[in-house]
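# Topology and contacts: notes
Below are the chains, spelled out letter by letter.
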Amino acid sequence: MQELINTFLRASFVENMVLAYFLGMCSYLAVSKTLKTAVGLGLAVIFVLAITVPINYLIETYVLSENGLFGTDLTFLRFLVFIAVIASMVQLVEMIVERFFPALYTSLGIFLPLITVNCAILGGSLFMVSKEYDFANSAVFGIGAGFGFFLAIVALAAIREKLRYSAIPAPLRGLGIAFIITGLMGIAFLSLSGIKLDSDATADEATDFRNDADTAEMISITDELTKE
Amino acid sequence: MADALVKETEQQGVVEVKEKEALFSKKNRKLITDPLNDDNPITVQVLGICSALAVTVSMKNALVMTLAVIFVLAFSNLTVSVIRNGIPPRIRMIVQLVIIATLVTIVNEVLKTYSFSAYKELSVYIGLIITNCIVMGRLEAFAMGNGPWKSFLDGLGNAAGYGIILLIVAFFREFLGTGKIFGFEILADSWYPDNGILIMPVSAMFLVGILVWAHRAWNRRLVDIS
Amino acid sequence: MSQLDKLRETTPYTLGFVLVMCLIVAGGLAFLKQLWGDQQKANELNFTKEQILTSVIDDMEGIDVETIFSERVTGKVINAQGEIESEEVTDALDIELYKESKKSTDKRRLPFYTYTNEDGEERYIMPTVGKGLWDQIMSYVALESDKNTIAGITFDHVAETPGLGAKIKDDPTFYEDFVGEQILDAEGVLVGVLVRKGNNDPNNADKSDHTIDAISGATITGDGVEDMLQKELKNYLPYLNKQTES
């Protein structure tokens, strides 16, 4: 359970797709002009990520890998297969949104289908592979990554709505200032990058050796500080 | 001078006389020059941002990436344009993606065969060309509605516009971040401490933001365009 | 709508299109793999050999990797219990390191290379794999004939940050620090090499502290290097100790 919570926190904050890895920038910058569209896109991204990452896990493990259905290493088809899964998912989302939320469909316009090429979505599946998550972690990772994107885009949209009343130099208005704000948010998120949420800390003697050295160092530093 | 092509269209039942354009006519040349300035994919169309941040730490990487994107964009535009009338509407996006993904895989395989060191360095980024919004964006906006040669040129132009921005950003990040250009040391390590922030992707956000500002200040037509 | 437009909307056409597209793509890519597969394998093999040699040869300028490797390097496959599973260098080179690292320790097959330099001295080269900040990192560690002092080391990574984590591979001031450090302490216990900040020894003149300077801004990659060396070199100790005994 702790591992799943860690995965979620890591995916949504420490390794936020948008603000730590800078993936998904195009739709992030283009759709964050108003809060409503940002919320709509954010929810769509959560949905797509939450479903495609676990599905791609199953495909990677049971079809593409050497131990899979075909018995040989088909990982060179990974890009193609993952993208096909994502495209189908987005097609489905598009149909659902068009049917049940027509207002949102109109306001999102072209950016709903552009979720297909959102680097954050493919990145989510590729990260799942490189981090070797199992099924449960893949699902949580997908939800977490989507949630992270949602937070980031809603935050930027809120800021940009307020900025409409600011006196920004004309050439900087719109896209230019959006880049700079994102950069500032990115710096803020840099501070989270050192947080260790790993539950796979091993209990090797070697690692214990290091912990002892660290503790010893900390004790000596604290001693020195308290002396003064 | 201009050959006349007689074309009969079913819809109109009218005989159309179509002028065959010269290969590098003014309109065709515009397809290449527009994306370099007025219609730049990164600073105007808001496409292709992700890789602009990831690949611009060294000019060598930016250059190889640009060449790869030129190949993929031009040929995917061409391919989609050729088969555009035969693509079933229901699976349009999937077909486009498959074409892009195949071309990217080809680039990867070529690198792996002929330049293994480049492959090791760039394989992760090359894969991300598939999701480079420029490729998909131009397929949808142009190749699906225009002829093969024009689409090919449009691909070249947009990739070139993308490449210019990439190289400018990479220049600042590599030069000020490590004192090198294309790996050659210009500012010696002994007196120039590497500027760490420029090596982080965050800096690219600021650099592109400033580039957008500069671009629009210079080309006033673009103010408030996006 | 033209006839073609009406045809395009139908399901059989769509399915047929998909089928043809899949065949062309899969067929084309498979064809390229056939055409280029051997060259790619040769590239990988050459790269591995180059890495092995780089760990022991200071100046790789103008070195013919294939010739020097076949002349000076022998290899075998051992396991974590210290037994030899194969004496063929080709078997050692064929081992897929990352895949092996996922197996349990007692089942792992480990490549072990011996390099004999011009003076007849032997160096022992062992590959290690680990995890950096983003993805895999790996290293070839070369030990002197005392099986304790590091004679050389090379690093490689998949996706570390250029200018930061990637420095383990690109920056000589990092990897050259390892030369002369000892991996075992006075009692013969494996310490590996610690990658620490505040080492106060920028030129790494002190070779008895088992520590080298970390790269500022690349803490996690440095930690990954330290962990990798400690975990992986442990597997080679049984074989190395057996050699000393004989």
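In this text, all values refer to a predicted model and were calculated from it rather than measured experimentally. (Residues numbered from 1 in each chain as written. Chains lettered and ligands numbered in written order. Predicted model: local features only at pLDDT ≥ 70, side-chain atom pairs only at ≥ 80, totals over all residues. Heavy atoms only, no water.)

## Some thoughts on the state of the cysteines
Under the definition given, this model contains 1 disulfide over all chains. Each sulfur of the disulfide joining Cys26(A) and Cys133(B) lies 2.3 Å from the other. Measuring handedness by torsion sign, the sulfur bridge of Cys26(A) and Cys133(B) sits at about 80° and is right-handed. Of this pair, Cys26(A) sits in helix α2 (residues 25-31) while Cys133(B) sits in helix α6 (residues 133-141), each in a different chain. (Disulfide = S-S within 2.5 Å. Helix = DSSP H or I, 4+ residues; strand = E, 2+ residues; numbered from the N terminus.)

## Focus on the packing of aromatic side chains
Throughout the structure, instances matching the rule amount to 20 aromatic pairs over all chains. Considering the side-chain rings of Tyr133(A) and Phe141(A), the 5.3 Å spacing of their centres and the 45° angle between planes classify their relative orientation as tilted. For Phe141(A), a relative accessible area of 3% translates into the label buried. Between the aromatic rings of Tyr13(C) and Phe17(C), the centroid separation amounts to 6.2 Å while the plane-to-plane angle is 40°, which identifies the pairing as tilted. Separated by 4 residues within a single helix, Tyr13(C) and Phe17(C) lie in helix α2 (residues 11-56), roughly one turn from each other. Within the aromatic cluster, the residues linked to one another by ring pairs are Phe71(B), Phe75(B), Trp149(B) and Phe152(B). Against the face of Phe127(A) rests Lys131(A), its NZ or CZ located 5.7 Å from the ring centre. (Phe/Tyr/Trp six-rings, centres within 6.5 Å; stacked < 30°, edge-to-face > 60°. Buried < 20%, exposed > 50% of the residue type's maximum accessible area, 1.4 Å probe, protein only. Lys NZ or Arg CZ within 6 Å of the ring centre and 35° of its normal.)

## A word on the packing of helix α4 (residues 92-114) of chain B against α2(C)
It is at 9 Å that the axes of α4(B) and α2(C) come closest, and there the two elements cross at 10°. By the angle between their directions, the pair α4(B) and α2(C) is classed as roughly parallel. In this structure, α4(B) meets α2(C) at a crossing whose hand is left-handed. Counting all contacts with α4(B), which are made through Val95(B), Val98(B), Thr102(B), Thr105(B), Ile106(B), Glu109(B), Val110(B), Lys112(B), Thr113(B) and Tyr114(B), the residues of α2(C) involved are Phe17(C), Met21(C), Val25(C), Leu29(C), Leu32(C), Lys33(C), Trp36(C), Gln39(C), Gln40(C), Asn43(C) and Glu44(C). (Axes fitted to C-alpha atoms, helices over the stretch in contact; angles between N-to-C directions. Parallel < 35°, antiparallel > 145°, perpendicular 65-115°, else oblique. Left-handed = near helix turned anticlockwise from the far one by under 90°. Contact = heavy atoms within 4.5 Å.)

## Quick word on the packing of helix α3 (residues 59-83) of chain B against helix α5 (residues 116-127) of chain B
Residue and element names in this part refer to chain B. Two elements in contact, α3 and α5, have axes whose closest approach is 11 Å; the angle formed by their N-to-C orientations is 50°. The orientation of α3 relative to α5 falls into the category oblique. For the element pair α3 and α5, the recorded crossing hand is right-handed. Mapping the contact onto sequence places Lys60, Asn61, Val64, Met65 and Ala68 in α3 and Glu121, Leu122, Tyr125 and Ile126 in α5. Residues belonging to the contact of α3 with α5 are distributed by class as follows: 6 nonpolar, 1 polar and 2 charged. (Nonpolar A, V, L, I, M, F, W, Y, C, P; charged D, E, K, R; others polar.)

## Concerning helix α6 (residues 119-130) of chain A
For α6(A), with 12 residues, the first-to-last C-alpha span of 16 Å sits near the 16 Å given by 1.5 Å per residue. Within α6(A), 11 of the 12 residues are buried, leaving the element largely enclosed by the surrounding structure. Regarding α6(A), the residues found buried are Cys119(A), Ala120(A), Ile121(A), Leu122(A), Gly123(A), Gly124(A), Ser125(A), Phe127(A), Met128(A), Val129(A) and Ser130(A). In this structure, the buried residues of α6(A) make contact with α3 (35-64), α4 (78-100) and α7 (135-163) of chain A together with α2 (49-54) of chain B. Positive phi appears at Glu132(A), one or two residues downstream of α6(A), with a value of about 55°. (Expected span 1.5 Å × (residues − 1).)

## Some details on the confidence of the model for chain B
Detailed reading of the predicted coordinates is not advisable wherever pLDDT is low. On average, chain B scores 82 in pLDDT, and the residues at 70 or more come to 91%. Low pLDDT (under 50) marks residues 1-17 of chain B, which in the prediction has 17 contacts with non-local residues, meaning those over four places away or in another chain. (pLDDT = per-residue confidence, 0-100.)

## Structural notes on the interface of chain B and chain A
Where the parts come together, the accessible area they lose is often given as the size of the interface. Listed by partner, the interface residues are 37 residues for chain B and 36 residues for chain A. For the pairing of chain B and chain A, the buried interface totals around 3,400 Å² over both sides, and the portion due to carbon and sulfur atoms is 82%. Between chain B and chain A we count 0 salt bridges in total. Along the contact surface separating chain B from chain A lie 0 residue pairs in polar contact (both at pLDDT 80 or more). Among the elements of the structure, α2, α4, α6 and α9 (201-218) of chain B are those that each provide at least two residues to the side of chain B that touches chain A. The element that contributes the greatest number of residues to the side of chain B that touches chain A is α9(B), accounting for 10 residues. (Buried area = accessible area lost by both parts, 1.4 Å probe. Salt bridge = Lys/Arg side-chain N within 4 Å of Asp/Glu carboxyl O. Polar contact = N/O pair within 3.5 Å; in protein donor to acceptor, adjacent residues only side chain to side chain.)

## So, the pattern of salt bridges
Applying the stated criterion to the full structure yields 18 salt bridges over all chains. Here Asp34(B) makes a salt bridge to Lys30(B), at a shortest N to O gap of 3.3 Å. Ionic pairing is found between Arg72(C) and Glu118(C), a salt bridge with its closest N-O pair at 3.5 Å. Of the two residues, Arg72(C) is situated in helix α3 (residues 65-72) and Glu118(C) in the loop between β3 (109-116) and β4 (122-131); the sequence distance between them amounts to 46 residues. By relative accessible area, Arg72(C) is classed as buried at 17%. Owing to a relative accessible area of 67%, Glu118(C) belongs among the exposed residues under this scheme. Through salt bridges that share partners, Lys120(B), Asp156(C) and Lys169(C) make up one connected network.

## So, the confidence of the model for chain A
Residues and elements named next belong to chain A. On average, chain A scores 81 in pLDDT, and the residues at 70 or more come to 86%. Averaged pLDDT values over the elements of chain A bottom out at 51 in helix α9 (residues 205-227) and peak at 94 in α7. Note on residues 200-213: pLDDT is under 50 here. Beyond four places in sequence and across chains, it has 15 contacts.

## With respect to the pairing of β4(C)
Residues and elements named next belong to chain C. Counting buried residues along β4, 8 of its 10 residues qualify, which places the element largely inside the surrounding structure. Two strands pair when backbone bridges link them, and β3 and β4 are joined in this way by 4 bridges, in the antiparallel orientation. Of the residues in β4, the one forming a bridge with Tyr115 is Arg123. Linkage of β3 to β4, two consecutive antiparallel strands, is achieved through a turn of 5 residues, within which Gly120 is found at a positive phi near 85°. As judged from the 8 bridges shared by β4 and strand β5 (residues 136-143), these two strands associate in the antiparallel manner. If you follow Pro127 over to β5, its bridge partner there is Tyr140. (Pairing = 2+ DSSP bridges.)

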